[in-house]
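Structural overview for review
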Amino acid sequence: GAGVSQSPSNKVTEKGKDVELRCDPISGHTALYWYRQSLGQGLEFLIYFQGNSAPDKSGLPSDRFSAERTGGSVSTLTIQRTQQEDSAVYLCASNPSGGVGTQYFGPGTRLTVL
Amino acid sequence: GENVEQHPSTLSVQEGDSAVIKCTYSDSASNYFPWYKQELGKRPQLIIDIRSNVGEKKDQRIAVTLNKTAKHFSLHITETQPEDSAVYFCAASIRGQFYFGTGTSLTVIP
C-alpha cells in the first residue's frame, strides 16, 4: 500500500517568504507527527496530531511555525517569514493509533532558505 | 517530559565484529522502544522494536535488550556488514509521543 508522502521534495525560498509543506499520512492512521532534521543532526519534534484531540504543539520553535490537519488526514506545516536557520529536512510520520507501535516516515521536504 | 540519551555518537567496527549502541530514558511510563536506521539522504526506517513487557527481542543479526529497572535499552548488531553503515536512532514512546536519541553514526570497515 501507499506509504507516507510529502510534497514538495525540495523547496528553495528567499528569506522572509512564507512556505507550506504538505504531508499525506497512511490512510487510516490517526496519529501524525512533524519533525525537523538539520544536517547531521537528530530528529527535533515539532508537533503531534492524534485524532480529534488538540495537537501537541510543544515542539514548535517559534510563532512563525504553525500546522493544521484537515479532516484527520492531510497535514500542512506553514513557516512564515522564513529565516536561514529554518533550512533543514522536515519529516512527517504517521502511526496507526498514537499508541504502542511504530511510526512510518515520509521521504521529507528539504527546505533551503537563501 | 521524557529525556532520551544515546551513546556513542560515532562507532567504527571491523566487518564481522559486533556493534552495541546504548540508550537511557528518564520516564518509567515509557512503554515502547523502537530503533531506526537512517541511510544518507533517506528517511528513518524501523529495524526493530521492543515493548516494555519484554526484556529481549531478536531478529536475525539484530537484537534489542531492555532493562526497565535501570531505564536503559541497547541495540546489538552481530556479524556487521558494510551495508550496516548508517545513523541509528533510538526512541522511547509515552502516551503516543516519541522522544528520540541524538543518533549514532555507525561505520563498518571492510
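Before any of the text, the structure's been laid out above.
All of the points below concern the structure found in this document. (Residues numbered from 1 in each chain as written. Chains lettered and ligands numbered in written order. Predicted model: local features only at pLDDT ≥ 70, side-chain atom pairs only at ≥ 80, totals over all residues. Heavy atoms only, no water.)

Observations regarding the pairing of strand β10 (residues 97-100) of chain B
Taken together, the four bridges between strand β9 (residues 86-94) of chain B and β10(B) define a ladder with antiparallel strand orientation. Across the sheet, residue B:S93 finds its bridge partner in β10(B), namely B:F98. (Pairing = 2+ DSSP bridges. Helix = DSSP H or I, 4+ residues; strand = E, 2+ residues; numbered from the N terminus.)

A short note on the pattern of salt bridges
Evaluation of the coordinates by the stated rule reveals seven salt bridges over all chains. The partner of A:R22 in a salt bridge is A:D24, and the shortest N-O contact between them spans 2.8 Å. On the basis of relative accessibility, which here comes to 23%, the residue A:D24 falls in the partly exposed class. B:R61 is paired through a salt bridge with B:D84; the nearest N and O atoms lie 2.9 Å apart. Of this pair, B:R61 sits in the loop between β6 (56-59) and β7 (62-67) while B:D84 sits in the loop between β8 (72-77) and β9, and the two are 23 residues apart along the sequence. In this structure B:D84 comes out as buried when scored by relative accessible area, which is 6%. Each of the salt bridges in this network shares a partner with another, and the network as a whole consists of B:K37, B:E39 and B:K42. (Salt bridge = Lys/Arg side-chain N within 4 Å of Asp/Glu carboxyl O. Buried < 20%, exposed > 50% of the residue type's maximum accessible area, 1.4 Å probe, protein only.)

Considerations on the state of the cysteines
Scanning the model with the defined rule gives two disulfides over all chains in all. Across the disulfide, A:C23 is cross-linked to A:C92 (sulfur-sulfur distance 1.8 Å). Between A:C23 and A:C92, the disulfide has an S-S torsion of -60 degrees and is therefore left-handed. Of this pair, A:C23 sits in strand β3 (residues 19-24) while A:C92 sits in strand β8 (residues 88-95), and the two are 69 residues apart along the sequence. When sorted by exposure, A:C23 lands in the same class as A:C92, which is buried. Between the sulfur atoms of B:C23 and its disulfide partner B:C90 the distance amounts to 2.0 Å. A torsion of -100 degrees about the S-S bond marks the disulfide between B:C23 and B:C90 as left-handed. Here B:C23, found in strand β3 (residues 19-25), pairs with B:C90, found in strand β9; they are 67 residues apart in sequence, far enough to count as distant. (Disulfide = S-S within 2.5 Å.)

These figures capture arrangement, not role.
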